[in-house]
Amino acid sequence: MSATTEYPNYSPGLQGVIAGITTISHIDVETSSLTYRGINVHELAEHGSFEETAYLLLHGELPTQAQLDAFRATLAAERELPGAVIDALRACPKNMHPMDQVKVAYSVLGAFDADYEAEPTDHDANVRKAVRIIAKAATAVTAGYRLSQGKEPVAPDANLNTAANFLYMLHGEKADDYTVKVMDASLTLYAEHTFNASAFAARVTVATLSDLYSGIATGIGTLKGPLHGGANEEAMHMLMQFNSPEEAEAWTRDALATKKKIMGFGHREYRKSDSRAGYLTKIAKEIGVRMGNTKWGEIADAMEKVMWDEKQLFPNVDFPAAYAYYLLGIPIPLYTPIFVIARTSGWCAHMIEQLDNNRLIRPSCIYEGKGVTNYVPIAQR
Ligand code: ACO
């Protein structure tokens, strides 16, 4: 008997359980569309910027030009990492995954925040912390990665936006406008997604009246797994096995027949498609055409067709992100950390929303363990 039949009030994986009220973002399952504070994410990716998106998520409204200029200036001024954080990253083992490095960075960073002593429910202090958290993400990711490669970190450039500055600190040289625009759009698409596992985990953490930096460490740890953000890296490793669409098609059929999980497909909330994936697929294919390398788009098409025909499963945002980043020359271990750079904005919005109207999150469970027995002294066991 399945747990749901046996226990009518229990939903494995909390599927369908309403665990909170939010005004931050909304998935319309009927139209497969996603809005941040009521604005379609496609419009933000097309016409806006990651900075505008982060402002919208934190403040609930799109910024005026003056507000955006001030927000950008604060972000740019807050990018540097304290020396102690660089030292901590330098001390990490060289084979440490960049997701674990960035978790180390935020664990150390909290105590350096000017509002470290603020009350956890101090809204204004939390917004100030959020801006510092968002500002430092790309610096932490690239510094950790470069150190693991035996290279020194590149200092942030205050004249560049988040996407351009990330690429600059990664490669040590400025990226072209097209690459920056693509990176910026992907950050916007990755910024926020209702009660996903990492945002929910971050909310659980701060709901104990813990602080935003602790919630960020929780969020990073939760995003790392391949059933969530880690799927973009796994999807690229999978794609790299194939030399042709035919190989990909045969492998996909076999994987489905043997009940393998295929990374970058499926979603708990969407039914027909993940609209972020559709948008990013268009961009990923466009990059392929511009670079004269349409192989990944063709392989992806072959897999998508089998997945839909056989199981009505569709690609999620992590599938096109994988080959878009690959075509842009981003090292694979940085795909999920890029997700962190974007998602710090959504996580912070969620944690602030939680703390503004807080109640401890503590669900119940069903006990299926042993009945009460007496303690047996160790000598008698
Ligand atoms: N490959 C193969 N089969 C799949 C996949 C997949 N990617 N996704 C779902 N299924 C199948 C399951 O095997 C299951 O089939 P069954 O009913 O015959 O046993 C059915 O669809 C339901 O799948 P669940 O895993 O129970 O669905 P759930 O809602 O719990 O999981 C999840 C959603 C984790 C996203 C799942 O689709 C998955 O594992 N996908 C691959 C990992 C991935 O891409 N994660 C990124 C998600 S998006 C994001 O976090 C940004």
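Below you will find a few notes about this structure. (Residues numbered from 1 in each chain as written. Predicted model: local features only at pLDDT ≥ 70, side-chain atom pairs only at ≥ 80, totals over all residues. Heavy atoms only, no water.)

### A closer look at the overall build of the protein
Looking only at helices and strands, one finds 17 helices and three strands in the protein. The C-alpha radius of gyration of the protein comes to 22 Å, within 12% of the 21 Å expected for a compact globule of 381 residues. Its C-alpha atoms give the protein principal-axis dimensions of about 70 × 60 × 45 Å. Split into buried and exposed, the 381 residues of the protein put 52% on the buried side. The long-range fraction of contacts in the protein, counting pairs at least 24 apart against all pairs at least 6 apart in sequence, stands at 74%. Accessible area of the protein: about 17,900 Å², with a carbon and sulfur share of 52%. One way to put it: in the protein the 35 positive side-chain charges average out to a point 5 Å from where the 45 negative ones average out. (Helix = DSSP H or I, 4+ residues; strand = E, 2+ residues; numbered from the N terminus. Rg over C-alpha atoms; globule rule 2.2 N^0.38 Å. Buried < 20%, exposed > 50% of the residue type's maximum accessible area, 1.4 Å probe, protein only. Contact = heavy atoms within 4.5 Å. Areas by Shrake-Rupley, 256 points an atom, 1.4 Å probe, with all protein chains shown as cover. Lys, Arg positive; Asp, Glu negative; His and termini not counted. Charge placed at Lys NZ, Arg CZ, Asp CG, Glu CD.)

### Regarding the layout of surface pockets
Of the pockets and cavities examined, the largest pocket occupies roughly 1,600 Å³. If you go around the largest pocket, you meet 48 residues; those closest to its centre are N196, A197, H267, R268 and E269. Mapped onto the lining of the largest pocket, the elements with two or more residues apiece are β1 (25–28), α10 (197–206), α15 (295–311) and α17 (335–356). By residue number, the principal contributor to the lining of the largest pocket is β1, which donates three residues. The space that makes up the second largest pocket amounts to roughly 660 Å³. A19, G20, F200, I361 and R362 are the residues nearest the centre of the second largest pocket, which is lined by 26 residues in total. (1 Å grid on protein atoms, 1.4 Å probe; cavity = no way out; pocket = protein on both sides within 12 Å on 5 of 7 lines; lining within 4 Å. Points joined across faces, edges and corners; volume = space filled by probe spheres on them.)

### Remarks on the sheet that holds β1
The three strands lie next to each other as β1-β2-β3, forming an open sheet whose pairing is antiparallel. Each having just a single partner strand, β1 and β3 (39–40) make up the two edges of the open sheet. Direction of pairing for strand β2 (residues 33–36) relative to β3: antiparallel, over a ladder of two bridges. Residue pairing in the sheet places T35 in a bridge with N40 of β3. (Pairing = 2+ DSSP bridges.)

### A closer look at the packing of aromatic side chains
Applying the stated criterion across every chain, the model contains nine aromatic pairs. For the ring pair Y55 and F71, a centre distance of 5.4 Å and an interplane angle of 90 degrees mean the geometry is edge-to-face. Pair noted here: Y55 is in helix α3 (residues 50–59) and F71 is in helix α4 (residues 65–77), with a separation of 16 residues, a long-range link. Taken as a pair, Y55 and F71 share a single burial class, namely buried. (Phe/Tyr/Trp six-rings, centres within 6.5 Å; stacked < 30°, edge-to-face > 60°.)

### Quick notes on the pairing of β2
Every other side chain in a regular strand lies on the same face of the sheet, so the side chains alternate between the two faces. Of the two faces of β2, both are covered, the one formed by S33 and T35 as well as the one formed by L34 and Y36. In this sheet, β2 lies alongside β1 in antiparallel orientation, the contact comprising four bridges. Each residue of the ladder has a partner; that of I27, found in β2, is L34. Here β1 folds back onto β2 in antiparallel fashion, the turn holding four residues, of which S32 has a positive phi close to 55 degrees. Linkage of β2 to β3, two consecutive antiparallel strands, is achieved through a turn of two residues, within which R37 is found at a positive phi near 50 degrees.

### Some words on the site of the ligand
Near the ligand there are 21 residues, and of these H228, K261, I262, G264 and R268 occur at the shortest range. Here H228 contributes a side-chain N or O atom positioned 2.8 Å from an oxygen atom of the ligand. Coverage of the ligand by the protein chains reaches 70% of its 910 Å² of free accessible surface. Among the detected pockets, the ligand sits in the largest pocket. Each residue belonging to the shell around the ligand can be placed in one class, and the counts come to ten nonpolar, five polar and six charged. (Near = heavy atom within 4 Å. Polar contact = N/O pair within 3.5 Å; in protein donor to acceptor, adjacent residues only side chain to side chain. Sits in = over half its atoms within 2 Å of the grid points. Nonpolar A, V, L, I, M, F, W, Y, C, P; charged D, E, K, R; others polar.)

### Considering the pattern of salt bridges
Applying the stated criterion across every chain, the model contains 15 salt bridges. Across the pair D113 and R132 runs a salt bridge, and its minimum N-O distance is 2.4 Å. Of this pair, D113 sits in the loop between α6 (98–109) and α7 (123–148) while R132 sits in helix α7, and the two are 19 residues apart along the sequence. Each member of the pair, D113 as well as R132, carries the same accessibility label: buried. A salt bridge links D309 to K305, with the shortest nitrogen-to-oxygen separation between them at 2.6 Å. Within this pair, D309 and its partner K305 are both found in helix α15, separated by four residues, close to a single helical turn. Taking the relative accessible area as the measure of exposure, D309 reaches 43% and is therefore partly exposed. Residue K305 is classed as exposed on the basis of its relative accessible area, which comes to 53%. One salt-bridge network, in which partners are shared between bridges, spans E78, D113, D115, R128, R132 and K136. (Salt bridge = Lys/Arg side-chain N within 4 Å of Asp/Glu carboxyl O.)

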